[in-house]
Structure formats: C-alpha cells, structure tokens
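These are the residues of each chain, in order.
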Amino acid sequence: MRRIRHLLTAVVALTGLTVAGLVTATPAQAAVFQTYGTGVNVRADAFLSSPVVRTLPGPTSIDVDCQKLGDLVTVSGGSSRWWAHVPALGGYVTVAYVAIPQDKLPGVAECGGNPNPPTGDITLADVQAMFGSRIANPSLVQTGLPSLNQAMRDAQINTPYRKAAFLATLVHESRLEYNIREIGDTRPYGGRGYIQLTGDFNYRPAGQWLGIDLIGNPELARDIRYSAQIARWYWTVARNINPYADQLKMGRVNAAIGYPAGAEDGRRCASFQAAIAYLTGQPAPAVNCSRTGKMAEDTSRLTRAQFEAIAGE
C-alpha cells in the first residue's frame, strides 16, 4: 500500500508543484523530496512530543540535508521511524509523509556530527530587529559578529529556535558585546564576555578546553579571540542547551545559565519569542518559561551531570 501511494504521489513531485512561500534555495548537499497530504507538521525534533514549528497546508517540495531515527509514525500510506531534517523549515518531517516507496530516504545521510548546515549568518540588522534598544553599542556588536557567527556554526546553533535561545540569552547577559565586564564586579573571576563567565569553577575548565590560561589571565575571557568560543563551550560542553531550545523550554535554558528564578526569566522568554518571530516570519509559539524544583535555585556551580539530573526530575 505504501509503495502504491508513494509511487503515485511521486508523480506530483515530478510536476514541480509546491506550496507557495515554503520553498527556498536548496542548501548545499541537500536532496529534494515531495510530501503528500495536508496538515503535515514540521516538528523541532524527531519526536511527536516535540513542538510544532509549522504545518504544511498541502504537498510541498522539501530540501532535506539528513535524516534521523525518532518516533514511529503510521499513516494510511505506511509507517516509518525516520524523520527528514529540513533546514529551511527549521525542523523535521516524518518520512511517512514523504512521497517515496521506502521507509527511509534513499541517498540521504543520517544526521550526526554537523547535521544542520548553517542557514545564514546573523547580521547587525537582524539583532537590532530582534532586540531593539538592548543593542546599545552597534559598532561593538558588529565587530564581534564574525566570531559569534563562527561559534554558532561550531555549536550547531543553526535552527531558528536554537539561534533565538542563544541570542536572547547573550543579549541579556552582555548586550551582545564581546568585551563587556559585569558592572561593579571586582572579583578576579567575575562576569566577563558574551556569556558573562563567572567563577574559577568555570574559568578553569573553559581555559583548559580552549588551551589558554584563564586562571592566570582572566581578562582573556573578554578578548575577541575567545569570548564567543567561551559562550560556545558553556552552551555545549559545560551544559547541553540546544535540546532545551528545540523543545521551547526557555525556563530550562535560563536555569542552565545559572542564575536563580525571578522576573528576569520572563524578560528572557519575551526576547526568545521576539527572536523566533523574526527568524521564522511567523508569530512565536507558546514557550515553556517555568522552572521546577531545584532548577529555581542558582545552578551555576553544578556540573553538567548534576544539572541534567535535576532537569530530569
């Protein structure tokens, strides 16, 4: 049954029919397929519990860069556990709704390593549109953007949700100024740089990861050569924050940064939603800004394993 349906619907793909406004230029190393049916959801990850990024109103041409195993989806045409990653749509489409006779996309690599090619660098105009007056020193922000974009590529911060969470965090931490020092903080290991690195318990491992002596020279944390990479280190090594962004769990993103719960959470969640709306061109979906249990406390001294333990409670 799946083979018949998909062979028939593949004819639609050959005609070049698309849903207006959903097709963009094909990314490098992408393969083009056609979905069938109406109301097909694009999700932030390959799981039915993941937030819906957008919904395809009808058969759509999609540019797929990789595929991954996820939840089983069964439809009248068959079933599949494979999900196609579509960078232009910022999420995953179940292969069950792709017009092919197989249950796995032929000729498409499995997601891994760097599954999501960059969807475009962030510009000064972008962050000004997202965050308005929070960009207090545009020339300084502009100077740091090349290093920040490189760090985002390295950290696979390359979907609208991930970019929105990362940039919303940094604009509140540092106004996106790479060399900022926390005002009034005279501690040797006080807040510095894009992500306001704080405490010898962070300076030491961040320096070891970068191969520099941040304990002996903490001012390097706000050097343009290292500030963005330190933010990358915290986002992906000290913590694993991308999955929280994928799930729209900004409360967990905020907890992972390390400050205690309070009014600041709401401000950061509002910035997250503003960034999503700008990056997707659509109203932002509902965001989970809540924290539970120990995540409401200051978690800055926790190891990654300790934080993930309380995040899973």
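In the block above lies the structure referred to throughout.
**Some points on the packing of helix α2 (residues 124–131) against helix α9 (residues 263–280)**
Reasoning step 1: Running from N to C, α2 and α9 cross one another at 130°; their axes reach a closest spacing of 8 Å. When the axes of α2 and α9 are compared, the pair comes out oblique. As α2 runs across α9, the sense of the crossing is right-handed. On α9, the residues that touch Ala125, Asp126, Ala129, Met130 and Phe131 of α2 are Ser271, Ala274, Ala275, Tyr278 and Leu279.
Reasoning step 2: Tallied by class, the residues present in the contact of α2 with α9 amount to 8 nonpolar, 1 polar and 1 charged.

**Some words on helix α3 (residues 138–154)**
Reasoning step 1: In this model α3 runs 24 Å from its N-terminal to its C-terminal C-alpha over 17 residues, within 8% of the 24 Å that 1.5 Å per residue would give.
Reasoning step 2: The sharpest bend along α3 measures roughly 45° and falls at Leu145, with the proline Pro146 sitting one to four residues further on.
Reasoning step 3: Packing partners of the buried residues in α3 comprise α2, α4 (160–174) and α6 (227–238).

**Description of the nonpolar core**
Reasoning step 1: In this structure, Leu105, Val127, Phe131, Leu148, Leu176 and Leu214 are the most contacted members of the largest nonpolar core, which totals 77 residues.
Reasoning step 2: In terms of residue count, the dominant contributor to this core is α4 (8 residues).
Reasoning step 3: If we ignore the near neighbours within four places in the chain, the residues touching Leu148 are Phe166, Leu167, Leu170, Leu176, Tyr194 and Ala228.
Reasoning step 4: Formed by 8 residues, the second largest nonpolar core is a distinct cluster that contains Tyr36, Ala46, Val73 and Ala96.

**Description of the state of the cysteines**
Reasoning step 1: Evaluation of the coordinates by the stated rule reveals 2 disulfides.
Reasoning step 2: The partner cysteine of Cys66 in its disulfide is Cys111, sulfur to sulfur 2.0 Å. Across the S-S bond linking Cys66 and Cys111, the dihedral sits near 85°, which makes this disulfide right-handed. Of this pair, Cys66 sits in strand β5 (residues 66–75) while Cys111 sits in the loop between β7 (91–94) and α2, and the two are 45 residues apart along the sequence.
Reasoning step 3: Linked covalently through their sulfurs, Cys269 and Cys289 form a disulfide whose S-S length is 2.0 Å. With the S-S bond torsion at 95°, the cross-link from Cys269 to Cys289 turns out right-handed. One end of the pair, Cys269, is in helix α9; the other, Cys289, is in the loop between α9 and α10 (304–311), and 20 residues separate them in sequence.
Reasoning step 4: Judged by its relative accessible area of 24%, Cys289 is partly exposed.
Reasoning step 5: Among the cysteines of the chain that take part in disulfides, numbered as they appear in the sequence, the pairing is 1-2, 3-4.

**As for the packing of aromatic side chains**
Reasoning step 1: Across all of its chains, the model carries 5 aromatic pairs by this definition.
Reasoning step 2: With 5.2 Å between their ring centres and 55° between their planes, Tyr189 and Tyr203 make a pair best called tilted. Taken together, the residues span a long stretch of sequence, with Tyr189 in the loop between α4 and α5 (200–210) and Tyr203 in helix α5 at a distance of 14 residues.
Reasoning step 3: Owing to a relative accessible area of 22%, Tyr189 belongs among the partly exposed residues under this scheme.
Reasoning step 4: Taking the centre distance of 6.1 Å and the plane angle of 65° together, the rings of Trp233 and Tyr234 count as edge-to-face. Note on accessibility: Trp233 and Tyr234 belong to one class, buried.
Reasoning step 5: Sitting over the face of the ring of Tyr259, Arg291 holds its NZ or CZ atom 4.8 Å from the ring centroid.

Conventions adopted
Residues numbered from 1 in each chain as written. Predicted model: local features only at pLDDT ≥ 70, side-chain atom pairs only at ≥ 80, totals over all residues. Heavy atoms only, no water. Axes fitted to C-alpha atoms, helices over the stretch in contact; angles between N-to-C directions. Helix = DSSP H or I, 4+ residues; strand = E, 2+ residues; numbered from the N terminus. Parallel < 35°, antiparallel > 145°, perpendicular 65-115°, else oblique. Left-handed = near helix turned anticlockwise from the far one by under 90°. Contact = heavy atoms within 4.5 Å. Nonpolar A, V, L, I, M, F, W, Y, C, P; charged D, E, K, R; others polar. Expected span 1.5 Å × (residues − 1). Bend = angle between axes of the 7 residues up to and from the residue. Core = buried A, V, L, I, M, F, W, Y, C linked by side-chain atoms within 4.5 Å. Buried < 20%, exposed > 50% of the residue type's maximum accessible area, 1.4 Å probe, protein only. Disulfide = S-S within 2.5 Å. Phe/Tyr/Trp six-rings, centres within 6.5 Å; stacked < 30°, edge-to-face > 60°. Lys NZ or Arg CZ within 6 Å of the ring centre and 35° of its normal.

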